[in-house]
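# Structural characterization, general
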Amino acid sequence: MAMKGVAASALQKLQNTALNKGPAGSSLLTRKLHVASGSKKIVGVFYKANEYAAKNPNFVGCVERGLGIREWLESQGHKYIVTDDKDGPDCELEKHIDDLHVLITTPFHPAYVTEERIRRAKNLELLLTAGIGSDHIDLKAAAERGLTVAEVTGSNTVSVAEDELMRILILVRNFLPGYHQVINGEWNVAAIAYRAYDLEGKTIGTVGAGRIGRLLLQRLKPFNCNLLYHDRIRMNPDLESQTGATFEEDLDKMLPKCDIVVINTPLTEKTRGMFNKEKIAKMKKGVLIVNNARGAIMDTQAVVDACSSGHVAGYGGDVWYPQPAPKDHPWRYMPNHAMTPHISGTTIDAQLRYAAGVKDMLDRYFKGESFPQEYYIVKEGELASQYR
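The following refers to the structure shown. (Residues numbered from 1 in each chain as written. Predicted model: local features only at pLDDT ≥ 70, side-chain atom pairs only at ≥ 80, totals over all residues. Heavy atoms only, no water.)

## Topic: the pairing of strand β7 (residues 226-230)
Buried residues dominate β7, accounting for four of its five residues. Remark: the strand β6 (residues 203-207)/helix α9 (residues 211-220)/β7 crossover connection has right-handed handedness. (Buried < 20%, exposed > 50% of the residue type's maximum accessible area, 1.4 Å probe, protein only. Helix = DSSP H or I, 4+ residues; strand = E, 2+ residues; numbered from the N terminus. Right-handed = clockwise from strand over helix to strand, strands pointing away.)

Have a look at this one:
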């Protein structure tokens, strides 16, 4: 299949690019981290693919394939444990906390690395995120302990931006009721058309314009929308020109202007619960919201209430809190939603990129070399700027 060839090519290209980079210079902490030699115990926590694992050889982000690095690790004498069992005092992950050296986690099936787990993990040196977004780790506790936390920056930005664009169109065109009519044997055009619109001419604001936010703006530009963005850092003039977006310094002034609001900010202590009842009330009636960032940025009940009242005409995304979402999570049952499990950043192409990135960082770790600077979330006791 052509798509599999493209994915394999992308993996090889990333591996070659990553491994051909020279070390950026080993810091004192990095050298200290790698003084110890010998076998390392590495634990990976991923979602189970079950029968789907055999359907695609490039499906590497699951328990069954473990990022495709088992043979490589074991050939070097390291021990590699992979599990999906991550919650509760008797889970598989808990059995290895006391003596693991490296923990690999993923945002799609997050193992919550709490202060208590960090305290117990006496041998722990390195926390790697297979993907983007390390908020499932207590970063402050990791920094105080002197641990290194890193993720594969850029590995799934395209994947998430494309998914956001898809969800915007699904909500604007009122697609899901039409789909449900078809599978239920119904036919009622009016029940769909009365709230279906064109995307052209609408005002779309992104809260956060980092890698994903900028890619989304670039993809929206051909739709001839009015594009706005709010971020702690303004883009340079060339980027603003490329995206056609206007900077809004005051978020509260941007929100009432938007027909569609897209959340693209990381989850930090400042953004946790940021979109509460009061913030949502500042948006115009009938607004559409897309959130592929993190579920905890939203006040769960405030979103339900706004969708139920019609103040929010539609809410779409793939992020929940906690994850996996319990069966009674209210977002499953609120009206006019386009929610899925956390899938946007774990396409096959993205899996190959973040698997290669994790392998590259492990290789550098074994050699005592630094990672690419943009991969660090916690380094030498300091958090990356987006998490401060």
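Moving on from the coordinates now.
## Description of the layout of surface pockets
Size it by volume and the largest pocket reaches roughly 1200 Å³. Together, 49 residues line the largest pocket, and Gly-210, Asn-264, Thr-265, Pro-266 and Gln-386 are the ones closest to its centre. Of all the secondary-structure elements, those providing two or more residues to the lining of the largest pocket are α6 (157-172), α9 and β13 (376-379). At four residues, α9 tops the list of elements feeding residues into the lining of the largest pocket. A class-by-class count of the residues in the lining of the largest pocket yields 18 nonpolar, 19 polar and 12 charged. Lining the second largest pocket are 21 residues; nearest its centre among them are Leu-171, Asn-174, Arg-195, Leu-288 and Ala-313. For the lining of the second largest pocket, the elements supplying multiple residues, two or more each, are α6, α7 (175-183) and β11 (312-317). Sorting elements by how many residues they give to the lining of the second largest pocket places α7 first, with four residues. Of the residues belonging to the lining of the second largest pocket, the class tally is 10 nonpolar, six polar and five charged. (1 Å grid on protein atoms, 1.4 Å probe; cavity = no way out; pocket = protein on both sides within 12 Å on 5 of 7 lines; lining within 4 Å. Points joined across faces, edges and corners; volume = space filled by probe spheres on them. Nonpolar A, V, L, I, M, F, W, Y, C, P; charged D, E, K, R; others polar.)

## Description of unusual backbone geometry
For the peptide bond that leads from Tyr-321 to Pro-322, omega is -5 degrees, which places it in the cis range. By the secondary structure assignment, Pro-322 is in the loop between β11 and β12 (337-339). Looking along the chain, the bond that leaves Gln-323 and enters Pro-324 is cis, with omega of -5 degrees. Within the fold, Pro-324 resides in the loop between β11 and β12. If you check the backbone angles, Asn-224 has positive phi at about 55 degrees while not being a glycine. Examined against the element boundaries, Asn-224 turns out to sit in the loop between α9 and β7. On the basis of relative accessible area, Asn-224 is assigned to the partly exposed category, the value being 48%.

## Thoughts on the sheet that holds strand β4 (residues 126-129)
Here seven strands make up an open sheet; going across it, the order is β2-β1-β3-β4-β5-β13-β14 and the pairing mixed. Strand pairing shows two members of the sheet lacking a second neighbour, β2 (79-83) and β14 (382-383), which therefore form its edges. With respect to the sheet, helix α14 (residues 348-367) is in contact with β1 (41-45), β3 (102-105), β4 and β5 (148-151), its orientation differing from that of β4 by roughly 165 degrees. (Pairing = 2+ DSSP bridges. Contact = heavy atoms within 4.5 Å. Axes fitted to C-alpha atoms, helices over the stretch in contact; angles between N-to-C directions.)

## Details of a nonpolar patch on the surface
Among the surface-exposed residues, Phe-175, Tyr-179, Val-182 and Ile-183 lie close enough to one another that they form a single nonpolar patch of about 430 Å² accessible area. Inspection of the secondary structure assignment puts Tyr-179 in helix α7. With a relative accessible area of 42%, Tyr-179 lands in the partly exposed category. (Patch = residues over 30% accessible without salt bridge, like charges linked within 9 Å, V, L, I, M, F, W, Y side chains within 5 Å. Areas by Shrake-Rupley, 256 points an atom, 1.4 Å probe, with all protein chains shown as cover. Salt bridge = Lys/Arg side-chain N within 4 Å of Asp/Glu carboxyl O.)

## Here we look at the pairing of β4
By the alternation rule, side chains of β4 split into Leu-126 and Leu-128 and Leu-127 and Thr-129, which are all buried. Where β3 meets β4, four bridges bridge the pair, whose relative direction is parallel. If you follow Val-102 over to β4, its bridge partner there is Leu-126. A crossover connection joins β3 to the parallel β4 through helix α4 (residues 115-120); in handedness this β-α-β unit is right-handed.

## Regarding the pattern of salt bridges
Summed over all chains, the structure comprises 19 salt bridges. For Glu-240, the salt bridge identified is with Arg-234, shortest N-O distance 2.8 Å. Between Glu-269 and Arg-272 there is a salt bridge, and its shortest N-O distance comes to 3.9 Å. The network of salt bridges with shared partners includes Glu-94, Asp-98, Glu-116, Arg-117, Arg-119 and Arg-120.

## Some remarks on the nonpolar core
In terms of nonpolar packing, the biggest core is built from 34 residues, with Leu-67, Ile-69, Ile-104, Leu-128, Val-358, Leu-362 and Phe-371 touching the most fellow members. When contributions to this core are tallied by element, the ones reaching two or more residues are α3 (70-75), β2, β3, β4 and α14. Take this core: its biggest share by element is eight residues, from α14. Excluding anything up to four places from it in sequence, Leu-128 contacts Val-102, Leu-103, Ile-104, Thr-105, Ala-150, Val-358, Met-361, Leu-362 and Phe-371. By size, the runner-up hydrophobic cluster in this structure holds 31 residues, among which are Leu-228, Ile-289, Ala-306 and Met-339. (Core = buried A, V, L, I, M, F, W, Y, C linked by side-chain atoms within 4.5 Å.)

## Section: the environment of Asp-231
Here Asp-231 shows up in the loop between β7 and α10 (237-243). Owing to a relative accessible area of 17%, Asp-231 belongs among the buried residues under this scheme. Each C-alpha atom of the pair Asp-231 and Pro-335 lies 30 Å from the other, and the pair is 104 residues apart in sequence. In contact with Asp-231, other than residues within four places in its own chain, are Gly-208, Ala-209, Gly-210 and Phe-247. Among the polar contacts listed, one links the side chain of Asp-231 to the backbone nitrogen of Ala-209, at a separation of 2.6 Å. Only 2.9 Å separates the side chain of Asp-231 from the backbone nitrogen of Ile-233, close enough to count as a polar contact. (Polar contact = N/O pair within 3.5 Å; in protein donor to acceptor, adjacent residues only side chain to side chain.)

So, to be careful, I would describe these as geometric facts and stop short of saying anything about function.
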